[in-house]
Amino acid sequence: MTDFIVGPLPLWAEIITAVFAVLGAAFAAIGSFGLVRLPTFFRRIHAPTLGATVGVWCMTVATIVYFSVQGFSLFLHAVLIVLFIALTAPITTIFLMRAALFRERQKGGDVPPEAKSG
């Protein structure tokens, strides 16, 4: 078995990898803070979904750059993670929102004005 890690990355690849890794972590942290800080479930649901999606995109770009430069070939395996997140995060958010709307309507709670007619 050959060793995949050849040596240190070139400076340009280290910078790109570091920038996208930090951006991804920042978006994930912002989504987490939004989850804690926003007042209602209907407002709170958007922050982690958007933060996780954009954060995963940034981390994936960092992963692709790092392993492509290390392996001297294009590394696209990480795109599968992005496709999975891009498909599941919005669908999960929709199901959670519909369940919350159903429960709020059942108990006569405070439903957002946009959702009262549907």
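In what follows, the structure referred to is the one given above.
For the structure given in this document, a descriptive report is provided here. Quick caveat: nothing in here was measured; it's all calculated off a predicted structure. (Residues numbered from 1 in each chain as written. Predicted model: local features only at pLDDT ≥ 70, side-chain atom pairs only at ≥ 80, totals over all residues. Heavy atoms only, no water.)

1. A word on the overall build of the protein
Now for step 1: The secondary structure content of the protein amounts to four helices and zero strands.
Now for step 2: Each helix and strand of the protein, ordered N terminal to C terminal, gives the series α-α-α-α.
Now for step 3: For the protein, with 118 residues in total, the buried portion stands at 27%.
Now for step 4: Long-range contacts, defined here as pairs at least 24 residues apart, represent 62% of the contacts in the protein between residues at least 6 apart.
Now for step 5: Within the structure as shown, the protein displays about 8,400 Å² of accessible surface, and the carbon and sulfur contribution to it stands at 73%. (Helix = DSSP H or I, 4+ residues; strand = E, 2+ residues; numbered from the N terminus. Buried < 20%, exposed > 50% of the residue type's maximum accessible area, 1.4 Å probe, protein only. Contact = heavy atoms within 4.5 Å. Areas by Shrake-Rupley, 256 points an atom, 1.4 Å probe, with all protein chains shown as cover.)

2. Side note on the packing of helix α3 (residues 46-71) against helix α4 (residues 79-107)
Working note: a packed helix pair is described by the angle between its axes plus the distance between those axes.
Now for step 1: Contact geometry for α3 and α4: axes closest at 10 Å, N-to-C directions at 180 degrees. When the axes of α3 and α4 are compared, the pair comes out roughly antiparallel. On α4, the residues touching H46, T49, T53, V56, W57, T60 and I64 of α3 are V79, I81, V82, I85, A89, T93 and M97.
Now for step 2: Of the residues contributing to the contact of α3 with α4, the split by class is nine nonpolar, five polar and no charged. (Axes fitted to C-alpha atoms, helices over the stretch in contact; angles between N-to-C directions. Parallel < 35°, antiparallel > 145°, perpendicular 65-115°, else oblique. Nonpolar A, V, L, I, M, F, W, Y, C, P; charged D, E, K, R; others polar.)

3. Side note on unusual backbone geometry
Now for step 1: Residues other than glycine seldom take positive phi values, yet F72 does so here, at roughly 60 degrees.
Now for step 2: Counting through the fold element by element, F72 comes out in the loop between α3 and α4.
Now for step 3: In this structure F72 comes out as exposed when scored by relative accessible area, which is 69%.

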